[in-house]
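Spelled out, the chains give:
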Amino acid sequence: MANLLHIVVCAGVVPDPLQTLEPVTGPNGPGLKNEMVLPAVLDPWAASALYEAANLATKNPGSKLWLVSLGSKAKLQQVMMTVAQKAAFELVPIDGPIGGFPDAHSTAAVLAETIAALPGLDRAKLLLFGGWESATRGAGVTLQLVGERLGITDQFQGVDQIDLHEDGSFEVLERVEGGKHQVSVCAGTPAVLGWATGNLAEPPNNPQVGMKNMRTIMPALAKAKAAKLEANGLRYLSVSLPKQQRTTRVEKNMSPDEIAAELVAWIGAE
Amino acid sequence: METILVLAHADETGSALTRASLETVTAGLELAARLSAPLTIGIVAADATAAANALSTTGARLLAVSGEAFAQARYASDAAACEALCRAAKATIVLAPGTSRFTRVAASVAHRLGGFIDTHITALAGTETIEASRWFYRQRVEAVLNREARPWFLLLDAGTHAAFAAEPATAQVEQVAVQLPEIRTTVSGFRAPTEDQQTIRPDAKMLLVAGAGWTKKQPDGQIHAAEASELILGFLHATSSSLGSSKSLVDQGGEGNFVLPFLTHLNQIGQTGATPRHAKGLSTCCHGEEPHVVGWRFIADRRAISLDPNCGWTRGKADVVYIADAFPVIAKVNALLEAKKA
């Protein structure tokens, strides 16, 4: 028998990893140079969470999937053009600042407030998904804080797998130190799962799913509420690029034997 | 005046502290000395006696939460334990190791205490205030920050401080009682490759990274995957290195292509993978572009073998780049290492 799940995925938008990033400090604190024109993607680990959520929702008919995202409307719209073709979901956009420098506690407060107010959400059936860390702030705390604010006391981070049982309980594999997974069994929803990579490949684009999603995404974006994020006493003393540019020795004419001998000496050196 | 609490937890034995916890003790001692602040150490363990004894010479007040419920890492019990320790210590600054166990709960504990948290801290400086360094955008932008709000939780990255070590002696420990909530999660154990097949070794001196080139067609027009597997495993065996991978190589498995059988997403280094700490790193058959190389931020000495003289490694990202085919080079390296051993 399938379980009826209400899955909420929290996912931000981040600069495409291939872009060059340059920090700048403005009147509102640090940010990235030309941040608004940098091509953006859905946060990679949160994207894994979305694909896993869509897979779970498909396997459990009657389940619902929301994607809650805090970011500028223009960026969200750009990213949704692609993401909307990957999985069926209801977008809940929040118009607010993007980037890694706003305080995670403020972000969590806004997300929790939004989720708590979702029409039709049954919190007893809630699986709160997201990436275990973002590719911007990378703090790995936002999802915990949202879960704590929603009163959820079963939380898992670095999740690579969830196996739902017929009785509503589920087994979770979480990444721990040393290349291992911790295996836990939770009695059932509600729970928070911060996803690592998961086991699913990125779904192919499905234009039909995209068109269906976009019918609700565009009105949702138009109605997105604006959120202001408090600094909570967080102060940046400096923000800079690393200065480590190495002087690279490029060896183009060494034979495999010569390279091997040099590498063996290097490996053995303290 | 600040008061400092270091949170520490036991390893899988249930009694000895993890290395990351001992590193955080060192950070706590240094910070307490710099700020002339009192230091408390709170221990979460099934049995905290041995862990407390190991810390007896620190001069810190020792608190502990003990019992079978705390033998396992689990959100509900660990959050309750850490909350109880924080309330007992009444600290303004809480330092904790950024282990999977404490990373799972520390933010929520900070929230329960009306405090704030910053994670992945790599350095603590300042004499009047605390200046914490951390990376943003997956190790691409570095920032120094502080906060006025208290309590302020700081999760320290592993490998940023020396581990505290001293002769153990009998210590006075104050046991802290914990009101456990309903426990709905049972930890049933760990899943890992068998010891001789485990390729992720966080304590190794060296990291070997295998890129997608290992499974590409070679000059004879064929894919030599079995040979690639043998060479990589031979190198790991001979050097006790840890194995990392580029995203593109790991992803090949999900796309149904041939993949090296011992590689999983846990081996992945970079933007969507790990950022390990090793003294040396050797990259093979990997293009060295930014999304991968951000995972090398804490690899001190870097070398790469690549067929592409314009690859990312040659642009100031490695110390030495050999423009060569990794197959014959690694075969020769393995042979030399075996001969050396014999």
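For clarity, every value in this text was computed on a predicted model and none was experimentally measured.

*Asks:* I keep staring at the overall build of chain A and nothing clicks. Help me out?
*Replies:* When helices and strands are counted, chain A shows 6 helices and 15 strands. Per-residue burial for chain A yields a buried fraction of 49% across its 270 residues. Sequence separation of 24 or more characterises 78% of the internal contacts of chain A that already satisfy a separation of 6 or more.

*Asks:* I tried to follow the overall build of chain B on my own but got confused; where do I start?
*Replies:* Within chain B, the secondary structure is distributed over 8 helices and 15 strands. Principal-axis analysis of the C-alpha atoms places the extent of chain B at approximately 70 × 40 × 40 Å. Sorting the 342 residues of chain B into buried and exposed places 55% on the buried side. Considering only contacts within chain B whose residues lie at least 6 apart along the sequence, 67% involve residues at least 24 apart.

*Asks:* What exactly am I supposed to notice about the sheet that holds strand S11 (residues 206-210) of chain B here?
*Replies:* Paired through their backbone hydrogen bonds, the strands of a sheet run either parallel or antiparallel. If you walk across this open sheet you meet the 6 strands as S15(A)-S15(B)-S14(B)-S13(B)-S11(B)-S12(B), and the pairing is parallel. Here the strands that pair on one side only, and so sit at the sheet edges, are strand S15 (249-251) of chain A together with strand S12 (242-245) of chain B. Ignoring which end each strand starts from, the neighbouring axes of this sheet average 20° apart. Across 6 bridges, the pairing between strand S13 (residues 278-284) of chain B and strand S14 (residues 299-306) of chain B is parallel. Across the sheet, the residue bridging to Leu282(B) is Arg303(B), located in S14(B).

*Asks:* Help me understand the domain arrangement of chain B, please; the structure alone is not making it clear to me.
*Replies:* Accessible area lost upon the coming together of the parts is a frequently used measure of interface size. Residue and element names in this part refer to chain B. When the domains of chain B are assigned, the result is domain 1 (4-175) and domain 2 (195-341). The straight-line distance from the C-alpha centre of domain 1 to that of domain 2 is 34 Å. Counting residues at the interface gives 6 residues for domain 1, matched by 6 residues for domain 2. Among the residues making up the side of domain 1 that touches domain 2, the classes are represented as 2 nonpolar, 2 polar and 2 charged.

*Asks:* What am I meant to see in the packing of helix H4 (residues 142-149) of chain A against helix H4 (residues 100-112) of chain B here?
*Replies:* A packed helix pair is summarised by two numbers, namely the angle formed by the two axes and the spacing between the axes. At their nearest, the axes of H4(A) and H4(B) sit 8 Å apart, and the two run at 50° to each other. As summarised for this structure, H4(A) and H4(B) are arranged oblique, according to the angle between their axes. Relative to H4(B), the crossing made by H4(A) is right-handed. Facing H4(A), whose interface residues are Gln144(A), Leu145(A) and Glu148(A), H4(B) presents Ala107(B), Ser108(B) and His111(B).

*Asks:* Teacher, can you tell me more about the interface of chain B and chain A here?
*Replies:* On the side of chain A, 69 residues touch chain B, which itself brings 70 residues to the contact. Of the residues that constitute the side of chain B that touches chain A, the class distribution is 34 nonpolar, 20 polar and 16 charged. Across 6 bridges, the pairing between strand S11 (residues 180-186) of chain A and strand S10 (residues 185-191) of chain B is antiparallel. Among the inter-strand pairings, Val183(A) is bridged to a residue of S10(B), identified as Gly189(B).

*Asks:* Honestly, the pairing of strand S8 (residues 126-131) of chain A in this entry has me stumped. Any pointers?
*Replies:* Sheet faces and side chains relate simply in a regular strand, where the side chains alternate between the two faces. Residues and elements named next belong to chain A. Burial runs high along S8: 6 of the 6 residues are buried. Where strand S1 (residues 6-10) lies against S8, 5 bridges are found, and the strand directions are parallel. Paired with His6 across the two strands is Leu126, which belongs to S8. Alignment of S8 against strand S12 (residues 191-195), held across 5 bridges, turns out to be parallel. The residue of S12 that forms the bridge with Gly131 is Trp195.

*Asks:* It is not clear to me how helix H6 (residues 256-268) of chain A should be interpreted in this structure. Could you clarify?
*Replies:* Since the α-helix packs 3.6 residues into each turn, any two residues three or four apart lie on the same face. All names here are of chain A. Taking 1.5 Å per residue as the helical rise, H6 with its 13 residues ought to reach 18 Å, and the 18 Å between its terminal C-alpha atoms agrees with that figure. When H6 is considered as a whole, its buried residues turn out to be Ile259, Ala260, Leu263, Val264 and Ile267. With its buried residues spanning 135° around the axis, H6 presents them on a single face. Residues of H6 that are exposed and point more than 90 degrees away from the buried face comprise Asp257, Ala265 and Gly268.

Definitions and cut-offs
Residues numbered from 1 in each chain as written. Chains lettered and ligands numbered in written order. Predicted model: local features only at pLDDT ≥ 70, side-chain atom pairs only at ≥ 80, totals over all residues. Helix = DSSP H or I, 4+ residues; strand = E, 2+ residues; numbered from the N terminus. Buried ≥ 20, exposed ≤ 12 C-beta atoms within 10 Å, placed from the backbone. Contact = placed C-beta atoms within 7 Å. Pairing = 2+ DSSP bridges. Axes fitted to C-alpha atoms, helices over the stretch in contact; angles between N-to-C directions. Domains from an automatic or database assignment. Nonpolar A, V, L, I, M, F, W, Y, C, P; charged D, E, K, R; others polar. Parallel < 35°, antiparallel > 145°, perpendicular 65-115°, else oblique. Left-handed = near helix turned anticlockwise from the far one by under 90°. Expected span 1.5 Å × (residues − 1). Arc of directions from axis to C-beta.

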